[in-house]
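Close look at the chain arrangement
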Amino acid sequence: MDAVRADVELHGEPCGETRPAPCGLVIFGASGDLAHRKLLPSLFRLQRRGLMPESFFVLGAGRSGDTASFRAAVIRTLEGIGAGAAEAADFAGRCGFAAGAYEGDELYAALAREIEARSADHRTGGNCLFYLALPPDLHAPVAQRLGAAGLLRESGEEAAWRRLVVEKPFGRDLASARELDRRLKSVLGERQIYRIDHYLGKETVQNIMMFRFANRLFEPLWNREHIDHVQITVAEGVGVENRAGYYDRAGCLRDMFQNHMLQMLALVAMEPPARMEADLHRDEMVKLLRALRPLPREPAELDRSLVRGQYTPGAGMAGYREEAGVAADSVTETFAAARLMVDNWRWSGVPFYLRSGKRLARRVSEIAIAFKPVPHSIFAPLVPGSAAPNVLVLNVQPEEGIAVTVEAKRPGTKTCMGSLTLRFDYRSVFGVEPPEAYERLLLDCMLGDQTLFVRSDAMEAAWELVTGVLETWQAGSARGACTLHGYPAGSWGPPAAGALLAADGRRWRTP
Ligand code: BG6
């Protein structure tokens, strides 16, 4: 039984969107994939929606290139997403380019000159956002050179701001993440560092907070008394694509769990902050991450809590080891499924099952909250177990929305029960596509709102959990322990992932 109806009444305030103060944006890696697939289109869409500052400029920075060729590339990118010739040209007219080696001085001298001249032209007061869309080994050297060139200093007549956005991966393990952080903090304050996790910018992920804390209905049930378990799935249909160079050294645990998966878990499970302010919110996030029980350090025991897999040929698709750029004997995991426990009063004993992988059956991300069954059935001969427990599903993508299953009487003269799904579908209710996560996040960077960015203590807490596993895998593999399960491309992952839940008497949902 399906019901597809939701009426929406919008409250006017406080949804007025704020326009940031004039500023400049410097994109390192400006000819790269991220800049052209996400950053430039997002800035353009913000501009279209009237959300870019009244006055701004964009400076690309890269090893080679010039303003004319960068502008031409920006126009191609914007026209590729449906921009008209005039608006694309108008946006490109605000763009410039500075070229030079990332580890030489020339680039930074050129940037200093360009920023000064353009800040005066565009009257930005010196406000400037630096975006590192670069390979991770360049994050610290570039930040330190920006610092040495004086470009991160917040000064000027009106105390101009300088901020730096760092893309993941933020380090490879706890030690390297701490080292990167130390080097960033040698030239920047925490308030100037924006560690981006684009999942936090997704509309439906942000909705978790509003759903939980703007409704009276759910929060009283949001605990171990009523919730049986939680499942978080981020399934991708794509394989490693053209990123083998990065991915084969990273793997699913670093690529998806350390950041997106654990951040979503934290949002689902955290305590309410007193107010929606960056540090109050992030205090609660870190408290939750610190309450995660470390996974077992003994390989055989770890295998019973965390399953790792690698896709093999299937459904006409190549296996991971056949992909271009992947070593023929690679042991990198492209799938992981884990049972995590949160050791605090609210969640004691409630498992959080997380799974993510590439080349799975289809692209879908969801958070499913499975409630406990009713304690007693008055509908004899129906016993409590014959009524399906309620499930609340937060659909993160691609069909953003919320669904709740409830038990209801099926029409007729007999006492027959059925599960009814109440769905709220974002697109049909609001009639718009949710904005791209980067739009919201770039806007927040310009506004100086760090709420949706990962603070260094949360980043460390997540690495602590993940690093323990990586170390055990490494030690275990050397001794022939810690299984890497194969799964056919196009499936839902290795059977061992099913066994992980079966051992607890549960099953994965098929999203
Ligand atoms: C990135 C990972 O952070 O997230 C990629 O590096 C992954 O491997 C991507 O494909 C998934 O993001 P989305 O928004 O497509 O779900």
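Let us look at the structure shown here. The structure displayed is predicted, hence computed values, not measured ones.

1. Some points on the overall build of the protein
From N to C terminus, the protein includes 15 helices and 16 strands. Computed over the C-alpha atoms, the radius of gyration of the protein is 24 Å, within 12% of the 24 Å expected from 2.2 N^0.38 for a compact globule of 511 residues. With respect to the three principal axes, the spread of C-alpha positions in the protein is 80 × 60 × 45 Å. Relative to its full complement of 511 residues, the protein shows a buried share of 53%. Put simply, 76% of the contacts in the protein that link residues at least 6 apart link residues at least 24 apart. In the protein, 61 positive and 63 negative side-chain charges are present, and the distance between their average locations comes to 4 Å.

2. Digging into the site of the ligand
Neighbouring the ligand are the residues Lys-168, His-198, Tyr-199, Lys-202, Glu-236, Arg-243, Asp-255, Met-256, His-260, Lys-358, Arg-363 and Gln-397. One of the side-chain nitrogen or oxygen atoms of Tyr-199 is found 2.5 Å away from an oxygen atom of the ligand. Within the side chain of His-260, a nitrogen or oxygen atom sits 2.7 Å from an oxygen atom of the ligand. Burial of the ligand by the protein chains amounts to 83% of its free accessible area of 400 Å². Here the shell around the ligand gets 3 residues from one element, more than from any other, and that element is helix α9 (residues 252-269). Split by residue class, the shell around the ligand holds 2 nonpolar, 3 polar and 7 charged.

3. Some points on the packing of aromatic side chains
With the rule as written, the count across this model stands at 17 aromatic pairs. Seen from their ring centres, Phe-44 and Phe-91 are 6.1 Å apart, and the 85° between their planes marks the pair as edge-to-face. With Phe-44 in helix α1 (residues 33-48) and Phe-91 in helix α3 (residues 85-92), this residue pair connects regions lying 47 residues apart in the sequence. Taken individually, Phe-44 and Phe-91 each receive the classification buried, so the pair is uniform in this respect. Relative to Tyr-247, the ring of Tyr-246 has its centre 6.5 Å away and its plane inclined at 75°; by these criteria the two rings are edge-to-face. Counting every residue linked through ring pairs, the aromatic cluster contains Tyr-246, Tyr-247, Tyr-311, Tyr-320, Phe-335 and Tyr-487. For Arg-163, the ring lying beneath its charged end belongs to Trp-161, and the centroid distance is 3.8 Å. Seen from the ring of Trp-473, Arg-308 lies directly overhead, with NZ or CZ sitting 4.5 Å from the centre.

4. Comments concerning unusual backbone geometry
Among all residues except glycine, the phi angle is most often negative; among peptide bonds, the trans geometry is most common. For the bond from Lys-168 to Pro-169, the omega torsion is 0°, close enough to zero to count as cis. Residue position: Pro-169 is located in the loop between β6 (162-166) and α6 (174-185). Gln-397 connects to Pro-398 through a cis peptide bond whose omega is 0°. Along the chain, Pro-398 turns up in the loop between β13 (391-397) and β14 (401-409). The backbone of Glu-241 shows a phi angle near 55°, a positive value even though the residue is not glycine. Inspection of the secondary structure puts Glu-241 in the loop between β8 (227-235) and α8 (244-250). Glu-241 gets classed as exposed once you look at its relative accessible area, which sits at 51%. Phi at Arg-359 takes a positive value of approximately 55°, unusual for a residue other than glycine. With respect to the helices and strands, Arg-359 occurs in the loop between β11 (351-357) and β12 (364-371). A relative accessible area of 18% places Arg-359 in the buried class.

5. With respect to α6
Over its 12 residues, α6 extends 16 Å from the first C-alpha to the last, a length consistent with the 16 Å expected when each residue adds 1.5 Å. For α6, the set of buried residues is Leu-174, Ala-177, Leu-180, Asp-181 and Leu-184. Looking straight down α6, one finds its buried side chains confined to an arc of 130°; they lie on one side. Those residues of α6 that are buried are in contact with α5 (139-148), β6, β7 (193-195) and α14 (456-478).

6. Considering the pattern of salt bridges
Scanning the entire structure with this criterion turns up 34 salt bridges. The partner of Arg-45 in a salt bridge is Glu-439, and the shortest N-O contact between them spans 3.7 Å. Placement of Arg-45 in helix α1 and of Glu-439 in helix α13 (residues 437-447) is noted, with a sequence separation of 394 residues between them. When the shortest N-O distance is used, the salt bridge between Arg-182 and Glu-179 registers 2.8 Å. Here Arg-182 pairs with Glu-179, and both are found in helix α6, just 3 residues apart, close to one helical turn. With a relative accessible area of 35%, Glu-179 lands in the partly exposed category. Shared partners join several salt bridges into a network, and the residues in it are Arg-191, Asp-279, Arg-282, Asp-283, Arg-455 and Asp-457.

7. What about the nonpolar core?
In terms of nonpolar packing, the biggest core is built from 152 residues, with Phe-28 and Leu-111 touching the most fellow members. Tallying contributions element by element places α9 first for this core, with 12 residues. For Phe-28, the contacting residues outside a window of four places in its chain are Ala-61, Tyr-102, Leu-107, Tyr-108, Leu-111, Phe-130, Tyr-131, Leu-132, Ala-133, Leu-134, Val-142 and Leu-146.

8. With respect to the packing of α6 against α14
As a packed pair, α6 and α14 sit with axes 9 Å apart at the nearest point and diverge in direction by 160°. Here α6 is positioned roughly antiparallel relative to α14, judged by the angle of their axes. Crossing handedness for the pair α6 and α14: right-handed. Residues Leu-174, Ala-177, Arg-178, Asp-181 and Lys-185 of α6 pack against Ser-456, Met-459, Glu-460, Trp-463, Glu-464 and Thr-467 of α14. Residue composition of the contact of α6 with α14, grouped by class: 4 nonpolar, 2 polar and 5 charged.

Definitions and limits used
- Residues numbered from 1 in each chain as written.
- Predicted model: local features only at pLDDT ≥ 70, side-chain atom pairs only at ≥ 80, totals over all residues.
- Heavy atoms only, no water.
- Helix = DSSP H or I, 4+ residues; strand = E, 2+ residues; numbered from the N terminus.
- Rg over C-alpha atoms; globule rule 2.2 N^0.38 Å.
- Buried < 20%, exposed > 50% of the residue type's maximum accessible area, 1.4 Å probe, protein only.
- Contact = heavy atoms within 4.5 Å.
- Lys, Arg positive; Asp, Glu negative; His and termini not counted.
- Charge placed at Lys NZ, Arg CZ, Asp CG, Glu CD.
- Near = heavy atom within 4 Å.
- Polar contact = N/O pair within 3.5 Å; in protein donor to acceptor, adjacent residues only side chain to side chain.
- Areas by Shrake-Rupley, 256 points an atom, 1.4 Å probe, with all protein chains shown as cover.
- Nonpolar A, V, L, I, M, F, W, Y, C, P; charged D, E, K, R; others polar.
- Phe/Tyr/Trp six-rings, centres within 6.5 Å; stacked < 30°, edge-to-face > 60°.
- Lys NZ or Arg CZ within 6 Å of the ring centre and 35° of its normal.
- Expected span 1.5 Å × (residues − 1).
- Arc of directions from axis to C-beta.
- Salt bridge = Lys/Arg side-chain N within 4 Å of Asp/Glu carboxyl O.
- Core = buried A, V, L, I, M, F, W, Y, C linked by side-chain atoms within 4.5 Å.
- Axes fitted to C-alpha atoms, helices over the stretch in contact; angles between N-to-C directions.
- Parallel < 35°, antiparallel > 145°, perpendicular 65-115°, else oblique.
- Left-handed = near helix turned anticlockwise from the far one by under 90°.

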